[in-house]
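What the coordinates show
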Amino acid sequence: MTGLVADPAPEVRPDRPAEKPARPYFSSGPCAKPPGWALERLPHGSLGRSHRSKLGKSRLQHAIDLTRDVLQVPDTHRIGIVPASDTGAVEMAMWSMLGARPVTLLAWESFGEGWVTDAVKQLKIDPTVMKAPYGALPDLSAVDFTNDVIFTWNGTTSGVRVPDGDWIPDGREGVTFADSTSAAFAMPLPFDKLDVTTFSFQKVLGGEAAHGVLILGPRAVERLESYTPAWPLPKIFRMTKGGKLIEGIFQGETINTPSMLVIEDYIFALEWAKEIGGRDALIERSQANAEALDGVVADLPWLDHLVADPAIRSTTSVCLKFAESAVAGLDEEGRLALVKKLAAKLEAEDAAYDIAGHRDAPAGLRIWCGATVDAADIEKLGPWLDWGWHSIRN
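The shown structure was predicted, so the numbers you read here are calculated from the model rather than taken from an experiment.

Concerning the overall build of the protein
Looking only at helices and strands, the protein features eight helices and 14 strands. Expected size for 394 residues packed as a compact globule is a radius of gyration near 21 Å; at 23 Å, the protein falls within 12% of this value. Seen through its C-alpha atoms, the protein measures out along the principal axes to roughly 95 × 50 × 30 Å. The burial tally for the protein puts 57% of its 394 residues in the buried class. Taking as baseline every contact in the protein between residues at least 6 positions apart, the subset at least 24 positions apart corresponds to 73%. When the accessible surface of the protein is summed, it comes to about 16900 Å², and 51% of that surface belongs to carbon and sulfur atoms. Of note, the protein has its 40 positive side-chain charges centred 7 Å away from the centre of its 53 negative side-chain charges.

Structure (structure tokens):
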């Protein structure tokens, strides 16, 4: 019989995996707690005490000192714990320092876009804006460093990072602002190139939310002490008094009341980081996790990296997309529906929590590979992803 084509064989659905990740916490913020974490292991002495008491200030200062030690922040830079997470730290710096000279903003994901919105619509400073789509970087060689420059070191919602700090000149005239919340403790940060660095506890070290860290280099301090912006500053943004930096902010005297439980949680994570070898060990763990996920993606023909170039691919907030051959004919709404079904399927199995991509990103998955995740759990996640995918597709 000629002219007849046999029906394609039905797709083989993989068996339900027998072993689950021991800690299925793959959220990109708040992120997985450090291995061995337990609430009862946190010191309680500072709870119920004033943050301005001798004990409270000593614990805040201890957190700052550990941050300097683990991140290898030079003595030339000041470190302060500030309100409102990484967002608060970035806003604090922008509102206090911008306006002295022209500004360039780089944006390749939603948080970078947020800083553009603030500069354009709130501060109204008419900046130069350099954008790139999700999965790519703008041309870093074209950045004008006679301007102040604001950028995100690692795009949490796009999975794109700058490859290094070599594109930032030593002889720059402007101040550099690096939103480093998904990079700190997982990627080397060249503090000699970064005048303002910000991050939050809840990313690479798995801390609790609502507090940010602001690191100021000498050039940032000089700007604060020599320039007064034209707009009014809310109290929680004010870092100078009488034209001088308020040094207490960087010595454990927070602007508003912090949660001492959050501080103790952060200290626990920092002490864990020191125990395993500090910043370099954290970077190694994150890179090992990202490599384990690379192996998973390579084994699954229906899954691919959103960021094609490994040189600019995040090793923390790794963003994935469906292979085009697997979702051909589906529009963005249909692909988002698959993301929701797959994430819900694995959450119901307690195999993976919070793996859907960010709401502003293209439809896909996002797997946190920061230092508090174990590579063995990434490897165990692979079969569950495949089982879940075939379950929802069938």
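Back to the write-up after that little detour.
Description of the side chain of K193
Considering the arrangement of structural elements, one finds K193 in the loop between β7 (176-179) and β8 (196-200). Excluding residues that lie within four positions of it along the chain, K193 makes contacts with G165, I168, P169, D170, R172 and T176.

Here's the deal with the nonpolar core
Within the largest apolar cluster, 88 residues are counted, with the highest numbers of intra-cluster contacts made by F151, F185 and L385. Each of domain 1 (46-274) and domain 2 (277-393) contributes no fewer than three residues to this core. When sequence neighbours within four positions are dropped, the list of residues in contact with L385 reads V296, L300, W302, L303, L342, L346, I355 and L365.

Quick notes on the sheet that holds strand β12 (residues 303-305)
Strands sit in the order β12-β13-β14 across an open sheet of three strands; the sheet is antiparallel. Among the strands making up the open sheet, the edge pair consists of β12 and β14 (365-368). Looking at each pair of strands side by side, their axes are set apart by 35° on average, direction ignored. For strand β13 (residues 317-322) and β14, the ladder comprises four bridges, and the chain directions are antiparallel. Within β14, the position partnered with L320 by the bridge is L365.

Considerations on the pairing of strand β1 (residues 78-83)
Of all six residues that make up β1, five are buried, and the element is covered over most of its length. In terms of strand pairing, β1 meets strand β9 (residues 211-216) through six bridges, oriented antiparallel. Bridge assignment links I81 to a residue of β9, and that residue is V213.

Some thoughts on the domain arrangement of the protein
Domain assignment breaks the protein into domain 1 (46-274) and domain 2 (277-393). Contacts between domain 1 and domain 2 engage 30 residues on the former and 26 residues on the latter. Across the interface of domain 1 and domain 2, roughly 2300 Å² is buried in total on both sides, 60% from carbon and sulfur atoms. On inspection of domain 1 and its partner domain 2, the count reaches zero salt bridges. Counting the contacts that link domain 1 with domain 2 gives 13 residue pairs in polar contact (both at pLDDT 80 or more). Contributions of two or more residues to the side of domain 1 that touches domain 2 are made by α1 (54-71), β5 (154-155), β6 (160-161) and α5 (260-276). Counting residues per element, the side of domain 1 that touches domain 2 draws most heavily on α5, which supplies three residues. In terms of residue class, the side of domain 1 that touches domain 2 is made up of 16 nonpolar, 11 polar and three charged.

What counts, and where the lines are drawn
Residues numbered from 1 in each chain as written. Predicted model: local features only at pLDDT ≥ 70, side-chain atom pairs only at ≥ 80, totals over all residues. Heavy atoms only, no water. Helix = DSSP H or I, 4+ residues; strand = E, 2+ residues; numbered from the N terminus. Rg over C-alpha atoms; globule rule 2.2 N^0.38 Å. Buried < 20%, exposed > 50% of the residue type's maximum accessible area, 1.4 Å probe, protein only. Contact = heavy atoms within 4.5 Å. Areas by Shrake-Rupley, 256 points an atom, 1.4 Å probe, with all protein chains shown as cover. Lys, Arg positive; Asp, Glu negative; His and termini not counted. Charge placed at Lys NZ, Arg CZ, Asp CG, Glu CD. Core = buried A, V, L, I, M, F, W, Y, C linked by side-chain atoms within 4.5 Å. Domains from an automatic or database assignment. Pairing = 2+ DSSP bridges. Axes fitted to C-alpha atoms, helices over the stretch in contact; angles between N-to-C directions. Buried area = accessible area lost by both parts, 1.4 Å probe. Salt bridge = Lys/Arg side-chain N within 4 Å of Asp/Glu carboxyl O. Polar contact = N/O pair within 3.5 Å; in protein donor to acceptor, adjacent residues only side chain to side chain. Nonpolar A, V, L, I, M, F, W, Y, C, P; charged D, E, K, R; others polar.

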